[in-house]
2 protein chains.
Amino acid sequence: MLTDFIGQQMQQCEVHAGQQEVKLSRQLYLALKKAIQNLIVRTGERLPSSRAMAMDLGLARNTVMSALSQLEAEGYLETRQGSGTYVRYKISGHSIGNRPSPKSDCVGEVPQAISGRGALLLRQAVADEVEVQPFTQGMPDFSPFPLSLWQKLQNKHWRLSYADMLDYNATGGFMPLKRAIAQYLRMHRNMVLEDDQVLVTTGTQQSLHLCATLLADPGDKVWVEDPLYWGAAQTFRASGLQLQGVSTDAQGLNFSQADPLPDARMVYVTPSHQYPTGGVLALDRRHALLQRCRDMRAWILEDDYDSEFRFSGPPVSSMHGLDVHGRVFYMGTFSKALYPGIKMAYLVVPKPWVHSFKRAHYDLNRPGLIHQQVAMAEFIELGHFHRTIRSARQHYAARRQALLQALAPCLHSQASISGAEQGLHLCVHLPHHIDDVALANWAKTHGLTVRALSRYAVTRHDLRGLVIGYGYAPLPAIRKDGPLLASMIMRALGARM
Amino acid sequence: MLTDFIGQQMQQCEVHAGQQEVKLSRQLYLALKKAIQNLIVRTGERLPSSRAMAMDLGLARNTVMSALSQLEAEGYLETRQGSGTYVRYKISGHSIGNRPSPKSDCVGEVPQAISGRGALLLRQAVADEVEVQPFTQGMPDFSPFPLSLWQKLQNKHWRLSYADMLDYNATGGFMPLKRAIAQYLRMHRNMVLEDDQVLVTTGTQQSLHLCATLLADPGDKVWVEDPLYWGAAQTFRASGLQLQGVSTDAQGLNFSQADPLPDARMVYVTPSHQYPTGGVLALDRRHALLQRCRDMRAWILEDDYDSEFRFSGPPVSSMHGLDVHGRVFYMGTFSKALYPGIKMAYLVVPKPWVHSFKRAHYDLNRPGLIHQQVAMAEFIELGHFHRTIRSARQHYAARRQALLQALAPCLHSQASISGAEQGLHLCVHLPHHIDDVALANWAKTHGLTVRALSRYAVTRHDLRGLVIGYGYAPLPAIRKDGPLLASMIMRALGARM
C-alpha cells in the first residue's frame, strides 16, 4: 500500500511539474512525507528497507537513501541501528501541518471586500512561499538548544507557580529577565541602559508594531532600507505608514545630506548586518543618520536580529551605543539564538518613553506567558544562554565555511558575495540581466529554498541575486547541496554571458 | 526590622493619602507586600504572630489578621497549621512585579514627541489602573485550572518535540487544536464551520488587530457598543479607525433602521453578554444588524468572551449561527475559561477569507508556541477542558449568588443590576447624579477594585454605575467584602437622595 501511494504521488508530481525536471529523490521525499502526514504509514511502523523500496519503485538505491536521510533530518523518520527505519512523526496521530500548502485555491487572488490596506498586505504576503529546506534563510538550527534542560527549568517554575505567573503582565516583563537582558546588552552590545528600559515582547514583529503605533500616524513616512526585511515592511503597512526606500550598499543605508529624501517620522535600520544584503552601516553614515534624525525629529528603529553570530571582521557595535539623544529604539530577539517558536524578543525603549510603552504594550497586547519568562531569566543567569550561543556559533561557522567553499567557483567579475561575516545567511549578487526569481524557483524544484534578492526591493529595479541561509541545513546537507546550488548559479550565469 | 519598615510605610501611606481615609488593614497589607517584594522578609521566613504584630504596630489584631489573609489569598503568605505564617513569595529571590506602580513619574502626561495616534492611545490607557483585588472584573479564578495536569501534558509533548514544534506556524494553528475548537463551537455555540476556519491567536487583542488590519483602512468607521470594552477600543484606535458609538440597553446594541448612523466598515459586538453592561442582543436586533451590515457591506466582529459561563436565563446562541452570508468573524478566548497568561484565543474566519487571514497572520504575527497548542489539543480531546469549565462554573455560581445577595439591599427604584446571567462580572446602574468615578476610588481605598461605568462610555454622558467582577475573589472574600461594597453604594445613594 505504501509503495502504491508513493508511486501514485510521484506520477502526479511529474505531471504537475510539466517540463521542469524534478529530482527523483525530491519526488520520493515529498511522496513519503505525504504518506506519513496522511497516516498511510503510522508512527512506530517500520518502512520497507531502502533496497526493497528501490526495487519496488524502480529507483536507484541512492535516490531512496537520499530521500530517507532528509526525512530523518527533519524528524519524520528514525533509523534504529541494525533494525531499520521507523516512522517517528506523531502528535496524537495528526500532522503538525506547519506550512500552508502552496497549492491553495486563492493564492495571489486578493478578495474584493478586503480593505485597501489588507489588499496591499496580501499582495506582499510571504507565508505561501515558506518551505523550510536547505538554504532557507532566517531559520536557525534548533539542535544546539538544550531542550530537556529548558523543559526542566519550565517545570520547576510551573511547580512554584503563583497566581501572578498565570496572569497578564503590565510591567513590560518579568523583572529578572529584563535585568538579564540588560546585562547581556551592556556586555555584548556596548549599550548604556537601565534594566527597566527593556520591554519583553513576543517577537520583533510586536516590537515594531508597538513603535509604529506609538511613534507614527497613518500616512506618516518611514525610511526603510532598500532592499528590505519583509516582516518590517508588512508591519509598517499594517500600521498605515508609507515606506520610503533608501538605497543600501556594502556600507549600509546610502544617503547623503544633499539627498532630496522627504522627511520621515521614523527610520528602520539593520545596521550590524543589513537584511538581506549583510552590509555593516559605516560609522560616518551612522553619525550622519543620527544627525539627520535629530534634524527631522525622527526616531531610529534599530533591528539587531542576529548579532549573536559574528564570524569574521571587526566587532560591530550598536547604533544605540552611539546615540546620546535617546532617539534609538533597539530590538533584539531570541528567535535566532534559541528557536523561532519561542516567541520572545525585546525592545529597549529610551528612558522618557518607558512608562508610555509599558502602558501601550499592556493595552494592545496583554502580555502573558510569564512562566516562560521566568525560565528564560534563569536560563540566562545560569549561563545556559551563553553556552547555547557559543555552541551554535561553532555549528554555523562550519556551515558558513562549507557554503562559501561551495560557492567559490561561481564568483567572478559578475557575481559576488556579501554579508557572510555575521548571522545565518549570505547574499550572492548577480548581474542585473539574470532572472533571479526563475533561478530561485528552479532551485526549489531541486529541494533548495533560496530567495531572489529582487523580491526584497522596495522601489529599486537593479537588484538581482540570491539570499541563501546556512542556519538550518546541517553540514552534510550543505556539503551535498552547496555544489548543486553553485552549479545552478553558474549555469544561469553561463547561459546568458 | 520588619516592624520598623512597616511602620515607616504606613506613615508614608497616611501622608500620601492626605484627607482620604485609607483603611488601616489596607495600609498594612500594602506595607507587608512591599516588605516581601523588597526582600525585607524572605521566602520561607516566619512572620511574627498576628498578636505580636498588632502589639508592635499598635493595631487591632483583627486589622492584622485581615491584611494577612488577603496576602495569603494572593499567594504571598502561607499559613502552616500550628506553626505560623510564612513568606511564600519567591522566584529566584525576585519580585514578579506584575503591575506597574500607579505612582510612576509620568502618569497621565502624554509626551510631545509621540504620534497623534500614540497620544490618543495613552490618554485612554488602562494599565496604570489595573490592580487585582476582590471585584476586579475580567479576571477569572485560576484555582480550578489543573496546573499539574497541564504541566504533565506539556512535558509529554516537549519530550516528543520535533523541529516543527519549535518553528513558526503558517497554517493558522496546530490542526488537531483547530479541530477540537471547531467541535466545541459546533456543540456549544450552535455554529456551522469547518475545522480550517479556526485561526489560533495569542488573544482577542490579536484577533481584533488582524480583523481591523485586513478589513478596514485608516480613517474607516467601526460601529462599537456604547459603553465599550476598552481593549477593543484601543486596538481599533491603534489601527487608525474611527469609533462610532451606538447606544446599548438591556437588549444590546440599540439602533433602528431609521437611525441616521453613518455607514461603517465593521461592527464590533459582544452579543451574548454585552461588555460591560451584560445585555443580550435581542433576536430582532440581531436580524436587523445582519441586514444593515449587508446593506452597508460591513463586517461583524462577534466577541464571545465569556459564553462558557452561563448561570440563568435561556441559552444564548452566537450571531455566527444566524449569519448565512459569511459576514461574521467570531472570536473566543481561553483567557477566561483557563487563565489569562496562557495567551491563547481563536478567530473563526468566513470561508472565503481563511487563506488570506492565515497569510496575514503569519506575516504580521509569526505565530509560534506550538508545543502549547499541542498540549491544549489533548487537554480538550481528553475532556479536561470540559471538566475545568464545569468546575469553574460551580465556583462562579456560588460567588455570583453571594454578590447578588450582598448587593440586594442597595437595589431600589434608582439602582439596578444587569448582566448577572452570564460571565464573571455584573453591572450596577446608578442614577446619573452619582459620581461613579469617586465611588470607585473610594472603594479602592478599602481594597476593592470596581470600575466606574462612566469610564466605558464612548460618547454617552448618561452612564453611571459600577462594574463588579466576581471571578477572582474567593467566596469568603465576597461574603466579607460584598456587604462593605453595598454599604458604600448605599451611602453614595443616600447622601444625594
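In what follows, the accompanying structure is described. In this text, all values refer to a predicted model and were calculated from it rather than measured experimentally.

### Quick notes on the overall build of chain A
Counting secondary structure elements, chain A contains 16 helices and 14 strands. Burial analysis of chain A (497 residues in total) assigns 62% to the buried set. For chain A, long-range pairs separated by at least 24 residues make up 74% of all intrachain contacts whose partners lie at least 6 apart in sequence. Taken as a whole, chain A presents about 18,300 Å² of accessible surface, with 51% of it coming from carbon and sulfur.

### Some details on the side chain of T204(A)
All names here are of chain A. Residue position: T204 is located in helix α9 (residues 204-215). According to the relative accessible area criterion, T204 is buried, its value standing at 12%. In contact with T204, other than residues within four places in its own chain, are D303, M331, G332, T333 and A345.

### Side note on the packing of aromatic side chains
Residues and elements named next belong to chain A. Under the criterion given, the structure shown has 37 aromatic pairs over all chains. Judged by centre distance (5.1 Å) and plane angle (65°), the ring pair of F145 and Y339 falls under edge-to-face. Residue F145 is located in the loop between α5 (116-123) and α6 (147-159), and its partner Y339 is located in the loop between β9 (328-333) and β10 (345-348); the two are separated by 194 residues in the primary sequence. Overall, F145 belongs to the buried group, its relative accessible area being 6%. In textbook terms, an aromatic cluster arises when at least three aromatic residues are bridged by ring pairs, as seen for Y229, W230, Y275, Y305 and Y456. Directly above the aromatic system of W299 lies the positively charged group of R327, at a separation of 5.5 Å from the ring centroid.

### Section: the sheet that holds strand β11 (residues 416-418) of chain A
Residues and elements named next belong to chain A. Taken together, 4 strands build an open sheet; the order of strands is β11-β12-β14-β13 and the sheet is antiparallel. Every interior strand has two partners, whereas the edge strands, β11 and β13 (451-452), have only one. Pairing of β11 with strand β12 (residues 425-429) involves 3 bridges; the strand directions are antiparallel. Bridge pairing in β12 links S418 to C427. Each of β11, β12 and β14 (465-469) is contacted by helix α14 (residues 384-407), which is oriented at about 15° to β12, the strand it contacts most.

### A short note on the packing of α9(A) against helix α12 (residues 354-365) of chain A
Residue and element names in this part refer to chain A. Between α9 and α12, the shortest axis-to-axis distance is 11 Å and the interhelical angle comes to 110°. What the angle tells us is that α9 and α12 run roughly perpendicular. By crossing handedness, the relation of α9 to α12 is classed as right-handed. Residue-level inspection shows Q206, L210, C211, T213, L214 and L215 of α9 in contact with α12, the latter providing S356, F357, A360, H361, L364 and N365. For the contact of α9 with α12, the per-class residue count stands at 7 nonpolar, 5 polar and no charged.

### Remarks on α9(A)
All names here are of chain A. With 12 residues, α9 should cover 16 Å at 1.5 Å per step; its first-to-last C-alpha distance of 16 Å lies within 8% of that length. Within α9, 12 of the 12 residues are buried, leaving the element largely enclosed by the surrounding structure. Along α9, the residues that are buried comprise T204, Q205, Q206, S207, L208, H209, L210, C211, A212, T213, L214 and L215.

### Here we look at the nonpolar core
Soluble globular proteins: nonpolar side chains tend toward being buried together. Counting residues in each nonpolar core, the largest one holds 73 residues, and the members touching the most others are F334(A), M376(A) and I468(A). Top element by residues in this core is helix α16 (residues 475-496) of chain A. It accounts for 8 residues. Each of domain 2 (130-139 + 392-494) and domain 3 (147-382) of chain A gives at least three residues to this core. If we ignore the near neighbours within four places in the chain, the residues touching F334(A) are I181(A), Y339(A), I342(A), M344(A), A345(A), Y346(A), M376(A), I380(A) and F385(A). By size, the runner-up hydrophobic cluster in this structure holds 43 residues, among which are V224(A), W353(A), A119(B) and A238(B).

### Considerations on helix α12 (residues 354-365) of chain B
All names here are of chain B. The terminal C-alpha atoms of α12 lie 16 Å apart, and with 12 residues this matches the ideal 16 Å at 1.5 Å per residue to within 8%. Where α12 is concerned, the buried positions are V354, H355, S356, F357, K358, R359, A360, H361, Y362, D363, L364 and N365. Phi for R366, located one or two positions after α12, is positive at around 40°.

### Observations concerning the sheet that holds strand β3 (residues 198-201) of chain A
Residue and element names in this part refer to chain A. Ordered by their spatial adjacency, 8 strands build an open sheet running β3-β10-β9-β8-β7-β4-β5-β6, and the pairing between neighbours is mixed. On the outer flanks of this sheet lie β3 and β6 (252-253), each paired with one strand and no other. Bridge count for strand β5 (residues 242-249) against β6 is 2 bridges, and the pairing is antiparallel. Bridge pairing links D249 to G252 in β6. Across the sheet, α12 touches β3, β9 and β10, and the angle it forms with β3 is around 15°.

### A word on the environment of A182(A)
Residues and elements named next belong to chain A. For A182, the position within the fold is in helix α8 (residues 175-188). Along the backbone, A182 and V192 are 10 residues apart, and their C-alpha atoms lie at a distance of 8.8 Å. The contacts of A182, once residues within four sequence positions are left out, are L193, D195 and V198.

### So, the pairing of strand β2 (residues 84-87) of chain B
All names here are of chain B. Inspection of the sheet shows strand β1 (residues 77-80) paired to β2 by 4 bridges, in the antiparallel sense. Residue pairing in the sheet places L77 in a bridge with V87 of β2. Here β1 hands over to β2 after 3 residues, with G82 in that stretch at a positive phi of 70°.

### Things to note about the pattern of salt bridges
Residue and element names in this part refer to chain A. The tally for this structure, following the rule as stated, stands at 26 salt bridges over all chains. The partner of K156 in a salt bridge is E378, with the nearest N and O atoms 2.7 Å apart. Residue K156 is located in helix α6, and its partner E378 is located in helix α13 (residues 370-381); the two are separated by 222 residues in the primary sequence. With a relative accessible area of 7%, E378 lands in the buried category. With a shortest N-O distance of 2.8 Å, R285 and D249 are connected by a salt bridge. Of the two residues, R285 is situated in helix α11 (residues 283-295) and D249 in strand β5; the sequence distance between them amounts to 36 residues. Residue class for R285 comes out buried when judged on its relative accessible area of 15%.

### Details of unusual backbone geometry
Of note, the bond from D226(A) into P227(A) is cis; its omega dihedral lies within 30 degrees of zero at 5°. Mapped onto the elements, P227(A) comes out in the loop between β4 (221-226) and α10 (230-238). Look at L369(B): it is not a glycine, yet its phi comes out positive at around 55°. Relative to the assigned elements, L369(B) resides in the loop between α12 and α13 (370-381).

The rules behind the values
- Residues numbered from 1 in each chain as written.
- Chains lettered and ligands numbered in written order.
- Predicted model: local features only at pLDDT ≥ 70, side-chain atom pairs only at ≥ 80, totals over all residues.
- Heavy atoms only, no water.
- Helix = DSSP H or I, 4+ residues; strand = E, 2+ residues; numbered from the N terminus.
- Buried < 20%, exposed > 50% of the residue type's maximum accessible area, 1.4 Å probe, protein only.
- Contact = heavy atoms within 4.5 Å.
- Areas by Shrake-Rupley, 256 points an atom, 1.4 Å probe, with all protein chains shown as cover.
- Phe/Tyr/Trp six-rings, centres within 6.5 Å; stacked < 30°, edge-to-face > 60°.
- Lys NZ or Arg CZ within 6 Å of the ring centre and 35° of its normal.
- Pairing = 2+ DSSP bridges.
- Axes fitted to C-alpha atoms, helices over the stretch in contact; angles between N-to-C directions.
- Parallel < 35°, antiparallel > 145°, perpendicular 65-115°, else oblique.
- Left-handed = near helix turned anticlockwise from the far one by under 90°.
- Nonpolar A, V, L, I, M, F, W, Y, C, P; charged D, E, K, R; others polar.
- Expected span 1.5 Å × (residues − 1).
- Core = buried A, V, L, I, M, F, W, Y, C linked by side-chain atoms within 4.5 Å.
- Domains from an automatic or database assignment.
- Salt bridge = Lys/Arg side-chain N within 4 Å of Asp/Glu carboxyl O.

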